[in-house]
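Structure at a glance
Each chain is listed here by its residues.
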Amino acid sequence: NAGVTQTPKFQVLKTGQSMTLQCAQDMNHNSMYWYRQDPGMGLRLIYYSASEGTTDKGEVPNGYNVSRLNKREFSLRLESAAPSQTSVYFCASSWTPDQPQHFGDGTRLSIL
Amino acid sequence: DQQVKQNSPSLSVQEGRISILNCDYTNSMFDYFLWYKKYPAEGPTFLISISSIKDKNEDGRFTVFLNKSAKHLSLHIVPSQPGDSAVYFCAASERTGANNLFFGTGTRLTVIP
């Protein structure tokens, strides 16, 4: 039962480097999401994809891009990493927006 | 500005007793609320939800209460078990099915055997 799989689990980058975080779900869900979690704060939505072929900005989209490659996969790209993007990133999916979201185990990203 | 607030960062209770986790929100347009549980090094796991047309929803040992006039909800766990020790997040959205979920900062529950 894989559910939502995120790769990598850990990554260290230097400022200015680029990086793509990968997310795949095997539950045939239509909607997918990217969140970040910072100390002392709740999860904040970066981008979401309500269905294959669509993407929309969430609460904190600046500095990120996303690609909904197919129904299973939703990637998050940092074009030029900044120390402020040091965070734990979670991918999630759901059947439809009115169903609870299922989360991956996160990617811990540090930017020096 | 945090629209969903969990003012207690931590809570300790004895095994078998009731755990009450609280959540307040500021946006009166929120009408769908969820609780998630999170263990270390894992993603959040959905626990229970409630829409604004209800004031209570139960699922086994877990009950969520919603007080719309006070913009307050709470999660009751009875009886508490050591396996319930985790961080609990409250989340809210403006309508059932909205993509933008707003999360609280979490409450770490420790159930003491």
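In the block above lies the structure referred to throughout.
Below: a short report on this structure. Since this is a predicted model, take the numbers as computed values, not measurements. Note that residues are indexed from 1 along each chain, following the sequence as it is written. Whichever chain is written first is A, and whichever ligand is written first is 1; the rest continue in order. Reporting of local features is limited, given that this is a predicted model, to residues whose pLDDT is at least 70; pairs of side-chain atoms are given and counted only at 80 or more, and all residues count toward the totals for whole chains, interfaces and linings. As a convention, hydrogens and water are excluded, and side-chain values are obtained from all of the structure's heavy atoms.

A closer look at the overall build of chain B
Note the threshold: Secondary structure elements follow DSSP: runs of H or I of four or more residues count as helices, runs of E of two or more count as strands, with numbering from the N terminus. What the globule rule says is 2.2 Å times the number of residues to the power 0.38, and the radius of gyration is computed from C-alpha atoms. Residue exposure (1.4 Å probe, protein chains only): buried if accessible area is under 20% of the type maximum, exposed if over 50%, otherwise partly exposed.
Along chain B, the regular secondary structure elements total zero helices and 11 strands. Starting at the N terminus, the α and β elements of chain B follow one another as β-β-β-β-β-β-β-β-β-β-β. Rg of the C-alpha trace for chain B: 13 Å, near the compact-globule value of 13 Å for 113 residues, within the 12% margin. Judged by the C-alpha coordinates and their principal axes, chain B covers about 40 × 30 × 20 Å. Relative to its 113 residues, chain B shows a buried fraction of 47%.

Describing the state of the cysteines
Should the sulfur atoms of two cysteines be covalently bonded, the bond is a disulfide. Residue and element names in this part refer to chain A. Just so we agree on the cut-off: Note on disulfides: each one is a pair of cysteine sulfur atoms within 2.5 Å.
The tally for this structure, following the rule as stated, stands at two disulfides over all chains. The disulfide that involves Cys23 links it to Cys91, with 1.9 Å between the sulfurs. On the S-S bond that ties Cys23 to Cys91, the torsion sits near -75°, and the link is left-handed. Here Cys23 is found in strand β3 (residues 19-25), whereas its partner Cys91 is found in strand β9 (residues 87-94), with 68 residues between them in sequence.

Re the interface of chain B and chain A
Definition in use: Two residues qualify as a contact provided that any one of their heavy atoms is within 4.5 Å of a heavy atom in the partner residue. By buried area we mean how much accessible surface two parts lose on assembly, using a 1.4 Å probe and totalling the loss over both. Salt bridges are identified by distance alone: a Lys or Arg side-chain nitrogen within 4 Å of an Asp or Glu carboxyl oxygen.
Counting residues at the interface gives 21 residues for chain B and 19 residues for chain A. Taken over both partners, the interface formed by chain B and chain A buries close to 1600 Å², and the fraction arising from carbon and sulfur atoms is 60%. Looking only at chain B, the three residues that lose the most surface to chain A are Pro44, Asn99 and Phe103 of chain B, adding up to 34% of its buried area. Run the count over chain B and chain A and you get zero salt bridges. Contributing elements (two or more residues each) for the side of chain B that touches chain A: β4 (32-38) and β10 (102-103) of chain B. Top contributing element to the side of chain B that touches chain A by residue count: β4 of chain B, with four residues.

Examining the sheet that holds strand β7 (residues 62-67) of chain B
Hydrogen bonds along the backbone pair up the strands of a sheet, which may run parallel or antiparallel. Residue and element names in this part refer to chain B. Test applied: For two strands to be treated as a pair, DSSP must find at least two bridges joining them.
The five strands are arranged β1-β3-β8-β7-β6 in an open sheet whose pairing can be described as antiparallel. Strand pairing shows two members of the sheet lacking a second neighbour, β1 (4-5) and β6 (56-59), which therefore form its edges. With four bridges connecting them, β6 and β7 associate as antiparallel partners. The partner of Lys56 across the bridge, within β7, is Phe65.

Some thoughts on a nonpolar patch on the surface
Residue and element names in this part refer to chain B. Rules: The patches reported here contain residues having more than 30% relative accessible area and no salt bridge. Joining distances are 9 Å for like charges and 5 Å for nonpolar side chains (Val, Leu, Ile, Met, Phe, Trp, Tyr). Reported accessibility uses the Shrake-Rupley method at a 1.4 Å probe radius. Residues are deemed covered only where the shown protein chains occlude them.
A cluster of nonpolar side chains, contributed by Ile18, Ile20 and Val78, occupies part of the molecular surface with about 220 Å² of accessible area. Summarising the element assignment, Ile20 is placed in strand β3 (residues 19-25). For Ile20, a relative accessible area of 37% gives the class partly exposed.

Concerning the sheet that holds strand β8 (residues 74-78) of chain A
Residue and element names in this part refer to chain A. Just so we agree on the cut-off: Axis lines are fitted through C-alpha atoms, for helices just across the contact stretch, and the angle between N-to-C directions can take any value from 0 to 180 degrees.
The strand order β1-β3-β8-β7 describes an open sheet built from four strands, whose pairing is antiparallel. Edge positions in the sheet fall to β1 (4-7) and β7 (64-68), since each has one partner strand and no second. In this sheet, neighbouring strand axes are inclined to one another by 15° on average, regardless of whether the strands run parallel or antiparallel. When β3 meets β8, the two strands line up antiparallel, connected through three bridges. Along β8, the bridge assignment pairs Met19 with Leu78.

Comments concerning the nonpolar core
Here is the rule: Definition of nonpolar core: a set of buried residues of the types Ala, Val, Leu, Ile, Met, Phe, Trp, Tyr and Cys, connected through side-chain atoms within 4.5 Å.
If you look at the biggest cluster of nonpolar residues, it comprises 24 residues, and the most contacted ones within it are Phe33, Trp35, Leu73, Leu75 and Tyr88 of chain B. When contributions to this core are tallied by element, the ones reaching two or more residues are β3, β4, β5 (45-51), β7, β8 (72-77), β9 (86-93) and β11 (107-112) of chain B. Among the elements that make up this core, the one with the highest residue count is β9 of chain B (four residues). Once residues lying within four places of it in the same chain are set aside, the contact partners of Tyr88 of chain B are Gln6, Leu21, Trp35, Tyr36, Lys37, Leu47, Leu75, Ile77, Gly106, Thr107 and Leu109 of chain B. Judged by nonpolar contacts, the second largest core, of 19 residues, contains Tyr47, Leu78, Ala81 and Ile111 of chain A.

Let's talk about the pairing of β4 of chain B
All names here are of chain B. Counting buried residues in β4 gives seven out of seven residues, a clear majority hidden from the surface. What you see with β4 is no split at all: Tyr32, Leu34, Tyr36 and Lys38 on one side and Phe33, Trp35 and Lys37 on the other are buried throughout. Sheet topology places β4 next to β5; six bridges connect them, and they run antiparallel. Counterpart to Lys37 in the pairing with β5 is Thr45. Between β4 and β5, which follow one another and run antiparallel, lie six residues, and Ala41 among them has a positive phi close to 65°. Strand direction decides the pairing type here: β4 and β9, joined by seven bridges, are antiparallel. Among the inter-strand pairings, Leu34 is bridged to a residue of β9, identified as Ala91.

Scope: geometric values only; no functional claims are made or implied.
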